[in-house]
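Fold and contact review
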Amino acid sequence: MTNHDVLCVYAAMGDLTTQMVAAANASDWEHLQDLEQRMTAHVAVLKASEGMVRLEGEQRARKATLIKQMLDNDRKVRDLITPWMAQLSRLINSTGTERRLVNAYGGV
Amino acid sequence: MATISTSGSILDVNSIVSQLMAVEQQPLTKYAQKTASYQASLSAYGSLSGAVGVFQASLGGLTKATDFNTLSATPSNADVLSASATSKAVAGNYKVNVSQLAQAQTLTTPGITSSKSAIGLGGKTTISFQFGSASGGFGLAGETLKGPIASTGLSNGSLTINGTAIATDSTTTSARALAEAINAKSTTTGVTASATPASSDAALFAGFGDVETGVDGTYALKVGGVQIGAQGAGVAAGDGITAASIDEALTSPSTVLTALADAGITFTGTAAGGDLQFTRTDGANLDIDEVVTGSAAGVTGGLGSSGGEVNAGSSKTALSGISLKSTDASPITIAGSNPAGAGLAAGTGGTYLGGTFTQDANIASGIVTIDATNNSLEGIRDAVNKAGLGVTATIVSDGSSNPYHLVFTSNATGANASMKIGLSGTDTDPPDSALADLLAYDPSGAQKMTQTSAAQDTRLTVNGIAVTSKSNNVGEAIQGVTLTVTQTGASTLAISKNTSQVKSNVESFVKAYNDLNGTLKKLTGYDAENKTAGALQGDATATSIQSQVRRMLTSNISGLSGAYSNLGQVGISFSKDGTLTLDSTKFQKAIDTNFGDIGALFGAVGNTSDNLVSFTSSTSATKPGTYELSITQMASQGALTSGDPVAPSTTIAADTTWAVTLNDTTPSNSKNTATVTLPAGTYTPAELAKVVQSSINGTSAFSSAGSSVTASIDTDGKLVVSSAKYGSLSNIALSSTSGTSTDSLFGGATAVAGMDVAGTLGGHPVIGSGQTLTGLAGTDVEGLKIDVTGGAVGSRGTVSFSQGYAYQLNNLATTMLGKTGQITSRTDGINKSIKDVEKQSAAFSDKLTGIEARYRKQYSALDVMLANMQTTSSYLTQQLSALAANS
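No experiment lies behind these values; they were computed from the predicted model shown.

1. Re the overall build of chain B
Of regular secondary structure, chain B possesses 17 helices and 54 strands. Here chain B holds 887 residues, and 45% of them are scored as buried. For chain B, restricting intrachain contacts to residue pairs at least 6 apart in sequence, the fraction spanning at least 24 positions comes to 71%. Per element, the accessible surface of chain B, about 39700 Å² overall, is 52% carbon and sulfur.

Below, the structure written as structure tokens:
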């Protein structure tokens, strides 16, 4: 893996996180998961090979910027996911209750 | 389905979700609304059906015209009697005087040491119980008065009867005087006495010698003060009084005979024959005196002087005895210081004196068999009770040395339920003598048991007319009235129109309609005050019910012959608000003028013009109208007639049993055949018929199946046994099992099966069963039932049938509430709709479950994603730190 390769991966990842923010905004949760899986795949590649690559100067700054951008996007995505998950949790309980009512009263 | 709008804003998530859920839950709300609306209709129909049901129930007691025509029966003395009257009774006041209450006969055996030890030798003995009337006085036959009564009289205190002292003294010198003294106390003793005739010694005139008188002798023979013959002095033997001259004096016509007749004296025999006997029927003493005057040897001959011995005169007194009769046929107790002087023995007892027994064929007889297994008092008791033959057996102990008595009590009251208990053995063997000595009871023969209570009828008078009844329930002594008498005494009975009952019936009819109307109004109308519509407003079924009921009440009743044919005529009309009101004045006038016609306005009435045809019942399908009745075949009973006339005397051998088949079906059912045991004895044809009838009817297999027979001797002297039932299922057959054979009585018998009544009603076909005709389904007379109990084939007048308001409304309500009725089919429809909504709701609920699963999956996927993002973010943070450290 060359220095260029590494930066390319980071750049790709940065792009992914931006797309994730968009997906989360659009409540496109399936797409979000898809994007995130791709992120995880990139991370795995980085974890395996990045240690042998040493970046200098501009390349280092570029990497730091990308990482900061990604962490920022990460927070944005989380901020969108968390309330949705809370809502989901409520909906799950709510439909459960509905069903239990139906079962108990035979359809109201 | 509403669309979900997305604005892209983070803050819109909540709104998106709530919109989503509102859409998703929309169908559920719709279902709930739909269901609630159905439920409301259903509950409205529930109240409607309830109201119709209550309406119907309140009509229940008004659907029979006779319910309106009841009369009340009020006794002035409720201790003496109570009464109930049907519509057949005639209003008025009746004077009732009850002099005797019905009771059952009770017979008691002499005391026995043990109730468990065997009586007799255990030979098979049949005990037969027959029921009927015992005649002849029940009481005690005394002997000739004893001792020097004729001269000294019977001293006071000599005799008490049933605890009452009989006043006797020195003047009580004859049976006649004693009888008078006893009769003076009849009201307290319950006993009457009669003196038996006093007769001279049968041998008194045997050896009557020709009377010879000397120069100074005279002789006179007086019987009861009547001079039979006399001769003066100096008559040679043979020239004066001789046996022949006495007979001649007693030959009609003669002054002597007249004088004797005047004195109540009769005679039998002749002096010449030596058997001349005088009898004084009134029971007074009969004196026979020879009056002799002159010197000691002046007269020879006369009574007991065939050898011409000197006759110094003689005086003989013939005494008689008395016979006691208990007025209520209960045992008589004799005591006192000298009952023997009165010709009676101290103690308690009584029998039928010269009684006869006449069997009542309408009371079933019965038989029990006693042998070595049950020949104790307890064994007999149990056998009799188990046989269920109309007698209850008990054992009572009186604490004496022979304490145990077996007591038989007839289950039926009435003078016709006296028992005759006969014992017979098997074939040629006689019954066990010990059992016969204990139990035999025949008012005309051996009375080994003691009657402690006689079978007797209720006796009363109604307006002075004597009435007897077998039980204390006296039906038809007054037409349409059943009296229940509880004690002797007098009471008047007021039979009056039960106007208050009719009034309350009509009032409840009006109220029932108004209640129903109120419910219908509430359900179908609009409540202006609360601005709410009734749950069934505009509902076709509900309004149809309303109009049907109203139409029925405003139409006339057809087929009525009485004074009224619509409600207005008795003061019932609709007021402006649609409720029924009762005009009391008009109604009272209707009651006063045509009481009997009011019932027909409300209930169903069937009338027949032929009094041997009776209306039984109808159904809701029967159409009102008047129908001509034509009979083509009368119902008849199955019968068996003996081939030859019955012999003047028939002997039924011991152990005679027959197999009787009664009212058998096709194919034959063994349940219709039973073994009948006949009591051994010798019978006249009439008695034989009674024995056969009551024996068959006493067989429990038949009595429990409600089958019975009548037996009679027809005009040809033949024995006819017929089933009491009418119709094609009426038949009888007999065959021998043991003892006297059926062939010996019925040889060459002809059996005839019964026939069902047949005909037409108003030209419509009807089906006959026994004496009952029923209209066929689908015709105007459907379900109309009439009984043709007599008469001939041909035209039999008319049967008319009308349905009053209550009857019609009751039918209408039944129809509405019935399985295919308006209300039921409507509620069935609603229930089906509710079921459908339920199904849809359930399906949707399943869908909701799917949505939930999706959410759940999404949640866990996001959860996993969050964890990955955490890992990614940790790695990136770590890389960022490394960059900073190396810079």
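2. Observations regarding the overall build of chain A
A count of helices and strands for chain A gives 3 helices and 0 strands. The linear arrangement of helices and strands in chain A, starting from the amino end, is α-α-α. Counting across all 108 residues of chain A, residues that qualify as buried make up 44%. Considering only contacts within chain A whose residues lie at least 6 apart along the sequence, 74% involve residues at least 24 apart. A total accessible area of about 5500 Å² is found for chain A, and carbon and sulfur atoms account for 53% of it.

3. Quick word on the sheet that holds strand β21 (residues 347-349) of chain B
Residue and element names in this part refer to chain B. Taken together, 4 strands build an open sheet; the order of strands is β8-β7-β20-β21 and the sheet is antiparallel. Of all strands in the sheet, those with a lone pairing partner are β8 (164-165) and β21, marking the two edges. In this sheet, β21 lies alongside strand β20 (residues 332-335) in antiparallel orientation, the contact comprising 3 bridges. Each bridged residue has a counterpart across the sheet, and for Ile332 the counterpart in β21 is Gly349.

4. Things to note about the sheet that holds strand β50 (residues 758-761) of chain B
Residues and elements named next belong to chain B. Strand order in the open sheet formed by 8 strands is β38-β54-β40-β50-β51-β52-β53-β39, with antiparallel pairing between adjacent strands. Of all the strands in the sheet, the pair left with one neighbour each is β38 (604-608) and β39 (613-617). Pairs of neighbouring strands in the sheet enclose a mean axial angle of 30 degrees, with direction left out of account. Relative to strand β52 (residues 772-775), strand β51 (residues 764-769) runs antiparallel, the two being bridged by 4 bridges. Its bridge partner being in β52, Val766 is matched across the sheet by Gly775. Across the sheet, helix α16 (residues 805-817) is in contact with β38 and β54 (794-803); its angle to β54 comes to roughly 75 degrees.

5. Some remarks on the nonpolar core
In a soluble, globular protein the nonpolar side chains are often hidden away together inside. Residues and elements named next belong to chain B. With 47 residues, the main nonpolar core has Leu48, Phe509, Val549, Leu553, Ile598, Phe602 and Leu809 as its most contacted residues. Those elements that place two or more of their residues in this core are α1 (13-59), α10 (499-524), α11 (540-554), α12 (584-602), α16 and α17 (822-886). Broken down by element, the residue count for this core peaks at 9 residues, all from α10. Setting aside anything within four residues of it in sequence, one finds Ile598 in contact with Phe68, Val502, Tyr564, Phe587, Ala590 and Ile591.

6. Section: the pattern of salt bridges
Opposite charge on two side chains permits them to pair, given that their charged atoms come into close proximity. All names here are of chain B. Going through the model one piece at a time under the given rule, you end up with 17 salt bridges over all chains. Here Asp282 ties to Arg280 by a salt bridge, and the two come within 3.4 Å at their closest N and O atoms. By relative accessible area, which is 28% here, Asp282 ends up partly exposed. For Asp836, the salt bridge goes to Lys832, with nearest N and O atoms at 3.6 Å. Of the two residues, Asp836 and Lys832 both sit in helix α17, 4 residues apart, roughly one turn of that helix. Asp836 sits in the partly exposed class, given a relative accessible area of 28%. One continuous salt-bridge network, built from bridges that share partners, spans Arg176, Glu180, Arg280 and Asp282.

7. What about the pairing of strand β12 (residues 218-223) of chain B?
All names here are of chain B. The pairing of β12 with strand β16 (residues 286-293) spans 6 bridges and is antiparallel. Residue pairing for β16: Val223 is matched across the bridge by Ile288. Both β12 and strand β13 (residues 226-231) contribute to a ladder of 5 bridges, which runs antiparallel. Residue Ala220 lies in a different strand from β13, and its bridge partner there is Ala230. Hairpin connection between β12 and β13: a loop of 2 residues separates the two successive antiparallel strands, and Gly224 in this loop has a positive phi of roughly 60 degrees.

8. Re helix α4 (residues 175-183) of chain B
Residues of α4 of chain B that are buried: Ala175, Ala177, Leu178, Ala179, Ala181 and Ile182 of chain B. Residues of α4 of chain B that are buried make contact with β7 (160-161), α5 (186-189), β9 (191-195) and β19 (321-326) of chain B.

9. Some remarks on unusual backbone geometry
Residue and element names in this part refer to chain B. For the peptide bond that leads from Ser252 to Pro253, omega is -10 degrees, which places it in the cis range. With respect to the secondary-structure elements, Pro253 resides in the loop between α6 (243-249) and α7 (255-262). Residue Asn162 is not a glycine yet carries a positive backbone phi of 50 degrees. Here Asn162 is to be found in the loop between β7 and β8. Assessed through its relative accessible area of 31%, Asn162 is described here as partly exposed.

10. Quick look at α12 of chain B
The first and last C-alpha atoms of α12 of chain B sit only 17 Å apart over 19 residues, clearly below the 27 Å expected at 1.5 Å per residue. One side-chain oxygen at the N-terminal end of α12 of chain B lies 3.2 Å from the backbone nitrogen of Thr585 of chain B; it belongs to Asp583 of chain B.

11. Focus: the side chain of Asn73 of chain A
Mapped onto the elements of the fold, Asn73 of chain A is located in helix α3 (residues 57-105). Not counting the four nearest positions on each side in its chain, Asn73 of chain A is found in contact with Gly14, Thr17, Thr18 and Val21 of chain A.

12. Here we look at the pairing of strand β30 (residues 465-469) of chain B
Residues and elements named next belong to chain B. Pairing analysis gives 5 bridges linking strand β29 (residues 458-462) to β30, with the strands arranged antiparallel. Pairing of Val462 across the sheet is with Ile465, part of β30. Between the end of β29 and the start of β30, which pair antiparallel, lie 2 residues, with Asn463 showing a positive phi angle near 50 degrees.

13. Observations regarding the confidence of the model for chain B
Residue and element names in this part refer to chain B. Of the residues in chain B, 97% reach a pLDDT of 70 or more, and the chain-wide mean stands at 88. Confidence drops under pLDDT 50 across residues 1-13; counting only partners more than four residues distant or on other chains, this segment forms 13 contacts. Scoring of the predicted complex yields 0.67 for pTM and 0.88 for ipTM.

14. Some thoughts on the packing of aromatic side chains
All names here are of chain B. For the coordinates displayed, the defined rule picks out 11 aromatic pairs over all chains. Taking 5.2 Å as the distance between ring centres and 80 degrees as the angle between the ring planes, the aromatic pair formed by Phe129 and Phe408 counts as edge-to-face. Here Phe129 is found in strand β5 (residues 125-135), whereas its partner Phe408 is found in strand β26 (residues 404-410), with 279 residues between them in sequence. Residue Phe129 is classed as buried on the basis of its relative accessible area, which comes to 0%.

15. So, the side chain of Thr125 of chain B
All names here are of chain B. Mapped onto the elements, Thr125 comes out in strand β5. A relative accessible area of 0% places Thr125 in the buried class. A polar side-chain atom of Thr125 sits 3.0 Å from the main-chain amide nitrogen of Asp432. For Thr125, the residues in contact, after removing those within four places along its chain, are Val368, Thr369, Ile370, Leu423, Ser424, Pro431, Asp432 and Leu435.

16. Digging into the environment of Asp169 of chain B
Residue and element names in this part refer to chain B. Counting through the fold element by element, Asp169 comes out in the loop between β8 and α4. Counting along the chain gives 16 residues from Asp169 to Gly153, while the straight-line C-alpha distance between them is 5.9 Å. Sequence-distant contacts of Asp169, defined by excluding residues within four places in its chain, comprise Gly153 and Leu154. A distance of 2.5 Å separates the side chain of Asp169 from the side chain of Thr171, its partner in a polar contact.

17. Thoughts on the packing of α11 of chain B against α16 of chain B
Two measures define how a pair of helices packs: the angle their axes make with one another and the distance between the axes. All names here are of chain B. Interaxial distance between α11 and α16 falls to 10 Å at its minimum, and their mutual angle equals 165 degrees. Between α11 and α16, the angle is such that the two are roughly antiparallel. Pair α11 / α16 crosses with right-handed handedness. Seen from α11, the contacting residues are Ile545, Gln548, Val549, Met552 and Leu553; seen from α16, they are Tyr805, Gln808, Leu809, Leu812 and Met816. Looking at side-chain class alone, the contact of α11 with α16 contains 8 nonpolar, 2 polar and no charged residues.

Criteria and thresholds
- Residues numbered from 1 in each chain as written.
- Chains lettered and ligands numbered in written order.
- Predicted model: local features only at pLDDT ≥ 70, side-chain atom pairs only at ≥ 80, totals over all residues.
- Heavy atoms only, no water.
- Helix = DSSP H or I, 4+ residues; strand = E, 2+ residues; numbered from the N terminus.
- Buried < 20%, exposed > 50% of the residue type's maximum accessible area, 1.4 Å probe, protein only.
- Contact = heavy atoms within 4.5 Å.
- Areas by Shrake-Rupley, 256 points an atom, 1.4 Å probe, with all protein chains shown as cover.
- Pairing = 2+ DSSP bridges.
- Axes fitted to C-alpha atoms, helices over the stretch in contact; angles between N-to-C directions.
- Core = buried A, V, L, I, M, F, W, Y, C linked by side-chain atoms within 4.5 Å.
- Salt bridge = Lys/Arg side-chain N within 4 Å of Asp/Glu carboxyl O.
- Expected span 1.5 Å × (residues − 1).
- Polar contact = N/O pair within 3.5 Å; in protein donor to acceptor, adjacent residues only side chain to side chain.
- pLDDT = per-residue confidence, 0-100.
- Phe/Tyr/Trp six-rings, centres within 6.5 Å; stacked < 30°, edge-to-face > 60°.
- Parallel < 35°, antiparallel > 145°, perpendicular 65-115°, else oblique.
- Left-handed = near helix turned anticlockwise from the far one by under 90°.
- Nonpolar A, V, L, I, M, F, W, Y, C, P; charged D, E, K, R; others polar.

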